[in-house]
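Chain and residue survey
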Amino acid sequence: MDLFIAIFTGTVIAATPLIFAALGELVVEKSGVLNLGIEGMMLMGAALAFWAVTAGYSMPVAIMAGALAGAAASLLFGVLALTFLTNQYAAGLALAIFGSGVSAFLGRGFGSDPIEALHRVDIPLLSDLPVVGPLLFRFDPMVYLALLMFVAISWFLYRTKAGLVLRTIGESPQTSHAIGYPVIRIRYMAVLFGGLMAGLAGAYLSVAYTPLWVENMTAGKGWIALALVVFATWRPLRILLGAWLFGGMTILQLQGQALGLEVPSELLSALPYLATIIVLVLISRNRQMLALHFPASLAKPFRPAS
Amino acid sequence: MHFRIEQRPEPSAPMRIAAPVLATALTVIVGSIFFASLGHDPLATLYAFFVEPLSSMNGLSEWLLKASPLILIACGLAVGFRANVWNIGAEGQFTMGAIAASGVGLFWPNPESVLLLPLMFVAGMGAGMAWAAIPAFLRARMNTNEILVTLMMTYIATLFLSYLVHGPWRDPAGFNYPQTAMLPTAALLQSFDPAYRLNSSIFITVIAVIAMWLFTDRSFLGYKMSVSGAAPLAARYAGFRESAAVWIGLLAGGAAAGIAGMAEAAGPLGQLSPQISPGYGFAAIIVAFIGRLNAFGIVLGGLLMSLLFLGGEGVQMTLGLPSALTRIFQGILLFFLLAADFFIFYRIRLVREKA
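Residues numbered from 1 in each chain as written. Chains lettered and ligands numbered in written order. Predicted model: local features only at pLDDT ≥ 70, side-chain atom pairs only at ≥ 80, totals over all residues. Heavy atoms only, no water.

Overview of the overall build of chain B
Spelled out, the test is: A run of DSSP states H or I qualifies as a helix once it reaches four residues; a run of E qualifies as a strand once it reaches two. Both are numbered from the N-terminal end. It is over C-alpha atoms that the radius of gyration is taken, and the globule rule equals 2.2 Å times the number of residues to the power 0.38. Relative accessibility under 20% of the residue-type maximum defines a buried residue, over 50% an exposed one, and the middle range a partly exposed one, all with a 1.4 Å probe and only protein chains included. Two residue types count as positive, namely Lys and Arg, and two as negative, namely Asp and Glu; His and chain ends fall outside the count. All charge positions are set by atom: Lys at NZ, Arg at CZ, Asp at CG, Glu at CD.
In terms of helices and strands, chain B carries 13 helices and 2 strands. For chain B, the C-alpha radius of gyration of 22 Å lies close to 20 Å, the compact-globule estimate for 355 residues. Along the three orthogonal principal directions, the C-alpha set of chain B runs to about 85 × 60 × 30 Å. The proportion of buried residues among the 355 residues of chain B is 54%. Averaging the locations of the 19 positively and 16 negatively charged side chains of chain B gives two centres separated by 15 Å.

Side note on the packing of helix 2 (residues 38-54) of chain A against helix 4 (residues 88-107) of chain A
Residues and elements named next belong to chain A. Selection criterion: Here, axes are lines fitted to C-alpha atoms. For helices the fit covers the stretch in contact, and angles between N-to-C directions go from 0 to 180 degrees. The scheme is simple: roughly parallel for angles under 35 degrees, roughly antiparallel for over 145, roughly perpendicular for 65 to 115, oblique for anything else. A crossing counts as left-handed when the near helix is turned anticlockwise from the far one by less than a right angle, and as right-handed when that turn is clockwise. For this analysis, residues touch if any pair of their heavy atoms sits within 4.5 Å. All amino acids are sorted into three groups, where Ala, Val, Leu, Ile, Met, Phe, Trp, Tyr, Cys and Pro are nonpolar, Asp, Glu, Lys and Arg are charged, and the leftover types, Gly among them, are polar.
Close contact between helix 2 and helix 4 brings their axes to 7 Å; oriented N to C, the two are set at 15°. As judged from the angle between their axes, helix 2 and helix 4 are roughly parallel. Seen along the crossing, helix 2 lies across helix 4 with a hand that is left-handed. Of helix 4, the residues touching helix 2 (which contributes Gly40, Met41, Leu43, Met44, Ala47 and Leu48) are Leu95, Ala96, Phe98, Gly99, Ser100, Val102, Ser103 and Leu106. Among the residues making up the contact of helix 2 with helix 4, the classes are represented as 10 nonpolar, 4 polar and no charged.

Focus on the nonpolar core
Our working definition: As used here, the term nonpolar core means buried Ala, Val, Leu, Ile, Met, Phe, Trp, Tyr and Cys residues forming a set that is joined through side-chain atoms within 4.5 Å.
The biggest cluster of nonpolar side chains holds 203 residues, and the ones touching the most others in it are B:Ile73 and B:Met305. No other element matches the 14 residues that helix 9 (residues 183-209) of chain A contributes to this core. Apart from the residues lying within four places of it in its own chain, the contact partners of B:Met305 are B:Leu70, B:Ala283, B:Ile286, B:Val287, B:Ile290, B:Gln330 and B:Leu333. If you look at the next biggest cluster of nonpolar residues, it comprises 11 residues, including B:Ala123, B:Leu183, B:Met262 and B:Ala266.

Comments concerning helix 10 (residues 221-231) of chain A
Residues and elements named next belong to chain A. Most of helix 10 sits out of view: 11 of its 11 residues are buried. Taken as a whole, helix 10 has its buried residues at Lys221, Gly222, Trp223, Ile224, Ala225, Leu226, Ala227, Leu228, Val229, Val230 and Phe231. The first or second residue beyond helix 10 is Thr233, which carries a positive phi of 45°.

What about the interface of chain A and chain B?
Convention followed: Simply put, the buried area is the total loss of 1.4 Å probe accessible area from both parts when two parts are fitted together. The rule for a salt bridge is simple: a side-chain nitrogen of Lys or Arg has to be within 4 Å of a carboxyl oxygen of Asp or Glu.
Across the contact, 48 residues belong to chain A and 43 residues belong to chain B. Across the interface of chain A and chain B, roughly 3900 Å² is buried in total on both sides, 80% from carbon and sulfur atoms. The largest contributions to the chain A side of the interface with chain B come from A:Ile97, A:Phe105 and A:Glu266, which together make up 16% of the buried area. Scanning the region where chain A abuts chain B turns up 1 salt bridge. B:Arg327 serves as the salt-bridge partner of A:Glu215, at 2.9 Å between the closest nitrogen and oxygen.

So, the pattern of salt bridges
Residues and elements named next belong to chain B. Considering all chains together, one arrives at 8 salt bridges over all chains under this definition. With a closest N to O distance of 3.7 Å, Glu62 and Lys66 form a salt bridge. Pair noted here: Glu62 and Lys66 are both in helix 3 (residues 57-82), with a separation of 4 residues, about one helical turn. Lys66 carries the same exposure label as Glu62, and that label is buried. Residues joined in a network through salt bridges with shared partners are Glu62, Lys66, Arg197 and Glu313.

A closer look at the UniProt feature "transmembrane region" (unreviewed entry) in chain A
All names here are of chain A. Rules: UniProt positions are given in the numbering used here, feature names are shortened, and annotations may be inferred rather than shown by experiment.
Using the residue numbers shown here, the UniProt feature "transmembrane region" (unreviewed entry) corresponds to residues 6-26, 33-53, 59-82, 89-110, 141-158, 188-207 and 267-284. With 86% helix and 0% strand, residues 89-110 has end C-alpha atoms that lie 32 Å from one another. Between the first and last C-alpha atoms of residues 188-207 the distance is 28 Å; the span itself is 100% helix and 0% strand.

With respect to helix 11 (residues 236-258) of chain A
Residue and element names in this part refer to chain A. Note the cut-off: In this analysis, the expected span of each helix is defined as 1.5 Å times one less than the number of residues it contains.
With 23 residues, helix 11 should cover 33 Å at 1.5 Å per step; its first-to-last C-alpha distance of 33 Å lies within 8% of that length. Among the residues of helix 11, those classed as buried are Pro236, Ile239, Leu240, Gly242, Ala243, Phe246, Gly247, Gly248, Thr250, Ile251, Gln253 and Gly256. Buried-residue contacts for helix 11 involve helix 1 (2-30), helix 6 (141-159), helix 9, helix 10 and helix 12 (265-284). Gly260, located one to two residues past helix 11, shows a positive phi value of around 70°.

Quick notes on the packing of aromatic side chains
Residue and element names in this part refer to chain B. Heads up, the condition is: Stacked, tilted and edge-to-face pairs are distinguished by plane angle, under 30 degrees for stacked and over 60 for edge-to-face with tilted covering the rest, among Phe, Tyr and Trp rings (Trp via its six-membered ring) whose centres lie within 6.5 Å.
Counted according to the given criterion, the structure contains 29 aromatic pairs over all chains. Each ring, one from Phe35 and one from Phe49, has its centre 6.0 Å from the other, and the planes form 45°; the classification is tilted. Taken together, the residues Phe35 in helix 1 (residues 13-37) and Phe49 in helix 2 (residues 42-51) connect sequence positions 14 residues apart. Here the two residues Phe35 and Phe49 agree in accessibility, since each one is buried.

A word on the side chain of A:Thr86
Here A:Thr86 is to be found in the loop between helix 3 (59-83) and helix 4. Overall, A:Thr86 belongs to the buried group, its relative accessible area being 4%. Dropping the residues within four chain positions of it, A:Thr86 is found in contact with A:Leu80, A:Ala81, A:Ala91, A:Pro301 and B:Leu338.

Looking at a nonpolar patch on the surface
Residue and element names in this part refer to chain A. Quick note on the threshold: Each patch is built from residues that are more than 30% exposed by relative accessible area and take part in no salt bridge. Like charges join if they lie within 9 Å; nonpolar side chains (Val, Leu, Ile, Met, Phe, Trp, Tyr) join within 5 Å. Each accessible area value is a Shrake-Rupley result obtained with a 1.4 Å probe; residue values ignore everything except the protein chains displayed when judging cover.
On the surface, a cluster of nonpolar side chains totalling about 670 Å² of accessible area is made up of Met1, Phe4, Phe8, Leu126, Leu129, Val131, Val132 and Leu136. Within the residue set of the nonpolar patch, elements represented by two or more residues are helix 1 and helix 5 (132-136). For Val132, the location among the structural elements is in helix 5.

Digging into unusual backbone geometry
Backbone geometry places A:Trp234, a non-glycine residue, at a positive phi of 60°. Counting through the fold element by element, A:Trp234 comes out in the loop between helix 10 and helix 11. Since its relative accessible area comes to 4%, A:Trp234 is described here as buried. Positioned with a positive phi, B:Phe175 is a non-glycine residue whose angle comes to about 55°.

Quick look at the structure:
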């Protein structure tokens, strides 16, 4: 039972950064923009949040700093992709490389000492329930925030007029422009929001998940988040399920190492990447399913005809 | 009064040449501001970054030694990029090429055979192509996004390298360092001059540049690839299959990266270690863009990018600045280049509002 609880809670925690980053990218892509720079934005968020904690700021301020760092990084991408009508693949890659450089540069002074991690909150009464308590009510606040974001984004995209406008822009920016919606401005907001979420994801990694600084500590989680959006065929609920699946993979791999399985640790570490490929293959084979929720104008630059 | 973006009736030829120059100049300016804000004399730092590496024979040798793999890989990648095939995993194909070539060098029964280097070349190229064939197959047959697959394959290749040098291939006499034994002499690309590290692999790069130019600018197949990138529908009407472009693009990138990996293991390093690549596979993507996916542009882009690597190492040693600066400059350079490209196709007009 204890092992099950450990695996379950570990999964939920490992999935949290993926949920933040992938939900943010979902909003960006639903507006018709492809930002490949998640890895860079996450690293900037991770570095800034870590720095803020070591500089003595409180945890909420540090996490906020991480989120803002992600948003600032995404603004660089936004200017290129939206104002300068650049190839979005190239702009996203530039951001990924830039972010890894900037975070490594900032991180050179961090040393190798761990910081005090974000505390978990035992929700009074509920956390004392047998089984259910440890399973559901003893997480740190960011875990609950991720779930809250899932609810909020699902509601926004499919239950509000603003969400409808955003999706329309992702489908047909020309039509939306003709109706009178400010396509570029809305896309900027989506890109900034995506950066904010990637920054949160990075902050979670460096102040809660592994509260110490290692260069390139995201280890591809930004790219896995991108794969999750495809895996989820651009639907929020499947992002949540996919993130848990990958979180579970990560935890099984760690548990496998702890149990001393007779397999090289590198093979276990490769599992999440292998799983990403396999899952992508399974999903991509079904072209109809991919096309169903695919934002038709994804990665196509838009310039209002004046 | 407000600004209006107008499409130029024709792409501006002067801007096409000016854009990379402008981007480089802006990168240097941002770099100086950055150095100044860190409390270093910007002129002295820029000198250490961009001029000092080129002021000695050894520096020139190192410059070409680093430019060579960048140009080689970028040539291969650009073949794919022209057809909208996004191989982002050259780093992994480079790693696999280095692994396969080193494996041949370490374990071939006759370590003095003159065939050793050619065999390593074939092994490196083959491994790079094989590693790229997986995403090519998945994209051509299963419609799987090649960006994500090539990237995931890079992480797997890095872990595989780490497994080998920590495990079965670790040098027993290596003081527990995670690295293989040194390759036998017959498996090494000899330098032109014992004082410098530049070796004959530079000829491979020259051949690759010419081959790429012939393919993209002089061959019908290369032309069809470019058409399928610029106008996929038109290419389909003309009977050119998308899957052909996917295979050619990815295999070209994999072959080039694999050869570069072989040349790095058999050249300056002489063994396998976890740090086989200083990020050549990713930097080559930027080189391809700076070179506008054109063979000779890529040569200039590679020279510029290797100067950034070299300058980064230089200021790391002389001023104690971190090597991450190189990646920051690479990113900034690409940002500016992409932004400057805008002015090739568009101009900004100041428009007076009518009263």
